[in-house]
Amino acid sequence: MAYIAEGLGNMMDWDEVMKFQRENGSLFCCPSTTAGVLIRKYNDQAHQYLNSLVSEFGSAVPAVYPSKLHCQLLMVDALERMGISQHFVNEIKNILDMAFSHWLQKDEEIMMDIATCAMAFRLLRMNGYDVSSDELSHVAEASTFSDSLQGYLNDTKSLLELYKASKVSLSGNDSSLDCVGLWTGNLLKDKLCSSTLQKTPIFGEIEYALKFPFHATLERLEHKRNIEYFDAWGSLMLTTKCSSFHVNQEFLALAVKDFSFSQSVYQDELQHLDSWVKENKLDQLQFARQKLTYCYLSAAATIFPSELSDARISWAKNGVLTTVVDDFFDVGGSKEELENLIELVEKWHEHHADKYYSEQVRTVFSAIYATTNQLGAKASAAQGRDVTKHLAEIWLDLLRSMMMEAEWQRSQHVPTVEEYMTNAVVSFALGPIVLPALYFVGEELLEHAVKDQEYEKLFRLMSTCGRLLNDSKGFEREGSQGKLNSISLLVLHSGNSMSTEAAKKVIQKSIDKSRRDLLRLVLRKESVVPRPCKELFWKMCKILHLFYFQTDGFSSPKEMVGAVNAVINEPLKIQMSDASLFISSEK
């Protein structure tokens, strides 16, 4: 009622209204409400607030003031969403530093506006600032939002910002975020049924946010969508009070140019990888799944800056090799062949060409050996120290863990859940994919960091997520093949007192906890492992959540084809109400 007091005249108790006055003298940072109150009850601070507005803006003042910080946060969000934030690193840091300072001071400009508070929380937390979810506890329940000004105004944008913020949870102690996520999600689902909302730009934003949690999205897919539909969400995010039309079009033109150039780089890299597969005769292995495009997608869609080519190539090549090795241990190789492969990797440079048990072993080992040495030479040059031995050790660890699983199956041994998981975090085969790529992201990764507990924990949490996601989605398929996994082991070791559904719920809780713990470790500022290196663990975690979002997408021949084409092959299709406006911005 106080917010619309200007139209209520003598019906209002003006002393009650003044309880909502802010430190800057305004009522709700709203010039019209403040003016309406001042007419009926003189207040020096309110008068000063209006005078400052007229001095700055003349006869046409904004509907809300101040909104500078909100607009700057919107700009940061927009740059990140379009994939061009790397071009504005210093500017973004300055804005976030200022926002963090306001956050620590509990400044009204952040705390009194729900949308600004939620967006600041999400952007600050995801950029490594230590912000507590306690500042959102005042809207932990739906009723508290309904009683707020935003609730009164039926502010859908504030609801959406709260929902996004609720997903940036770092531990089970963020219980208030879970509550916020629950009720905002329900309200947003209700809004999708509204016929009036379906005609507005925010409808698509809500639909997308509800369908794809942020931990199951690939950056380059998101960037492409946001660039193509900039005209729709840009009208929500970058309003005229925040930035000019000309500035918005310049950002869009930069994003289009950046994405289009990177696509040409991706296409060249994929062609190189295709030649590499043929040169190493990997396409001739009858037992092996051909997953080059999926492996490259996971690299290009996350390690997206054009200059990080070596990291993408390393990631994709080792992704292909781990798929081949996994299939070799599962279906392609005999016990003697597997033992021979491990023996060759153990000897490494001292191996002898006449000691191959079979042509299959020759092909698999030769590809691992040649590729690892080539990548090792590049990584050693980048790091200024020899790291090839470390890359070979990663492969040896994987092969030994895979052999352990093969022996369990051969002898029909039933491991404990703990035994299974200790081995599974290595046998899931993320080590050769992620760990070598850390050397190629432009940061010095010291030897003591590689041996640090933080490095091991990052790997363990990422691999735990992957193993359990795979177990959850592949349970029926693996069960039909006579394989044990975490779900079947939980049921067996409970004496069948635990149902399969109950076991799946236990596994889902473990996935959620591991994901939160991993994100907390990645975002923590006090760290031995450089932040760009840590981010690769989180990127792989997101890839795994997307691949296993509804089914085992990696094993499916068609599930991820659309994503591959969107990131690598299909050019941008800009959806704009007036295409000529965009064309002019490119000139």
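Structural data are supplied above this passage.
Quick notes on the rules
- Residues numbered from 1 in each chain as written.
- Predicted model: local features only at pLDDT ≥ 70, side-chain atom pairs only at ≥ 80, totals over all residues.
- Heavy atoms only, no water.
- Helix = DSSP H or I, 4+ residues; strand = E, 2+ residues; numbered from the N terminus.
- Expected span 1.5 Å × (residues − 1).
- Buried < 20%, exposed > 50% of the residue type's maximum accessible area, 1.4 Å probe, protein only.
- Arc of directions from axis to C-beta.
- Contact = heavy atoms within 4.5 Å.
- Polar contact = N/O pair within 3.5 Å; in protein donor to acceptor, adjacent residues only side chain to side chain.
- Axes fitted to C-alpha atoms, helices over the stretch in contact; angles between N-to-C directions.
- Parallel < 35°, antiparallel > 145°, perpendicular 65-115°, else oblique.
- Left-handed = near helix turned anticlockwise from the far one by under 90°.
- Nonpolar A, V, L, I, M, F, W, Y, C, P; charged D, E, K, R; others polar.
- Salt bridge = Lys/Arg side-chain N within 4 Å of Asp/Glu carboxyl O.
- Patch = residues over 30% accessible without salt bridge, like charges linked within 9 Å, V, L, I, M, F, W, Y side chains within 5 Å.
- Areas by Shrake-Rupley, 256 points an atom, 1.4 Å probe, with all protein chains shown as cover.
- Phe/Tyr/Trp six-rings, centres within 6.5 Å; stacked < 30°, edge-to-face > 60°.
- Lys NZ or Arg CZ within 6 Å of the ring centre and 35° of its normal.

Visitor: Hey, could you run me through helix H3 (residues 44–57) in this one?
Guide: Every α-helical turn comprises 3.6 residues, leaving residues that sit three or four positions apart pointing alike. The first and last C-alpha atoms of H3 sit 20 Å apart over 14 residues, in line with the 20 Å expected at 1.5 Å per residue. By the burial criterion, the buried members of H3 are Ala46, Tyr49, Leu50 and Leu53. Seen along its axis, H3 keeps its buried residues to an arc of 90°; they face one direction. Contact partners of the buried residues in H3: helix H2 (31–40). Where H3 begins, one side-chain oxygen reaches toward the backbone nitrogen of Gln45, 3.0 Å away; that side chain belongs to Asn43. Phi turns positive, to about 75°, at Gly58, one or two residues after H3.

Visitor: Teacher, can you tell me more about the packing of helix H4 (residues 68–81) against helix H7 (residues 114–126) here?
Guide: Two numbers describe a pair of packed helices, the interaxial angle and the distance between the axes. Viewed as axis vectors pointing N to C, H4 and H7 meet at an angle of 45°, and their least axial separation amounts to 10 Å. One way to sum up the angle between H4 and H7 is to call them oblique. In the packing of H4 onto H7, the handedness of the crossing is left-handed. Facing H4, whose interface residues are His70, Leu73, Leu74, Val76, Asp77 and Glu80, H7 presents Ala115, Thr116, Met119, Ala120, Arg122 and Leu123. Residues of the contact of H4 with H7, tallied by class, amount to seven nonpolar, two polar and three charged.

Visitor: Sorry, what's going on with unusual backbone geometry here?
Guide: A negative phi angle is the norm for most residues apart from glycine, just as the trans form is the norm for most peptide bonds. Not every positive phi belongs to a glycine, and Lys106 is a case in point at roughly 55°. For Lys106, the location among the structural elements is in the loop between helix H5 (89–104) and helix H6 (108–111). Residue Lys106 is classed as partly exposed on the basis of its relative accessible area of 49%.

Visitor: What is the right way to look at the pattern of salt bridges in this model?
Guide: Think of it this way: side chains of opposite charge can pair up when their charged atoms draw near. A complete count under the given rule lists 29 salt bridges for this structure. The residue Lys347 makes a salt bridge to Glu343 at a minimum N-O spacing of 3.3 Å. Remark: Glu343 and Lys347 occur in helix H18 (residues 335–347); sequence separation between them is four residues, near one turn of the helix. Looking at Lys347, the relative accessible area reads 33%, which means it is partly exposed. The shortest N-O distance in the salt bridge between Lys451 and Glu447 comes to 3.3 Å. In this structure Lys451 comes out as exposed when scored by relative accessible area, which is 63%. A residue is classified by how much of its surface remains accessible, and Glu447, at 44% relative accessible area, is partly exposed.

Visitor: I tried to follow a nonpolar patch on the surface on my own but got confused; where do I start?
Guide: A surface patch of nonpolar side chains, amounting to about 220 Å² of accessible area, comprises Val54, Phe57 and Val61. One can find Val54 in helix H3.

Visitor: What am I meant to see in the environment of Thr323 here?
Guide: Structurally, Thr323 is set in helix H17 (residues 309–332). Along the chain, Thr323 and Cys295 lie 28 residues apart, while their C-alpha atoms are 9.2 Å from each other. Reaching out from Thr323, the side chain makes a polar contact with the backbone oxygen of Gly319 at a distance of 2.8 Å.

Visitor: What's the story with the packing of aromatic side chains in this structure? I'm lost.
Guide: Within a pair of aromatic rings, the relevant descriptors are the distance that separates the centres and the angle that separates the planes. Evaluation of the coordinates by the stated rule reveals 15 aromatic pairs. Centroid distance Phe365 to Tyr369: 5.5 Å. Interplanar angle 25°. Geometry classified as stacked. Placement of the pair is Phe365 and Tyr369 together in helix H19 (residues 359–383), with a separation of four residues, close to one helical turn. You'll find Phe365 and Tyr369 in the same group, each marked buried. For the ring pair Tyr455 and Phe537, a centre distance of 6.4 Å and an interplane angle of 85° mean the geometry is edge-to-face. Of the two residues, Tyr455 is situated in helix H24 (residues 453–473) and Phe537 in helix H28 (residues 531–547); the sequence distance between them amounts to 82 residues. Under the relative-accessibility criterion, Tyr455 is labelled buried at 3%. Since its relative accessible area comes to 0%, Phe537 is described here as buried. Lying across the ring of Tyr208, Arg225 places its NZ or CZ 4.0 Å from the centre. For Lys525, the ring lying beneath its charged end belongs to Tyr129, and the centroid distance is 4.5 Å.

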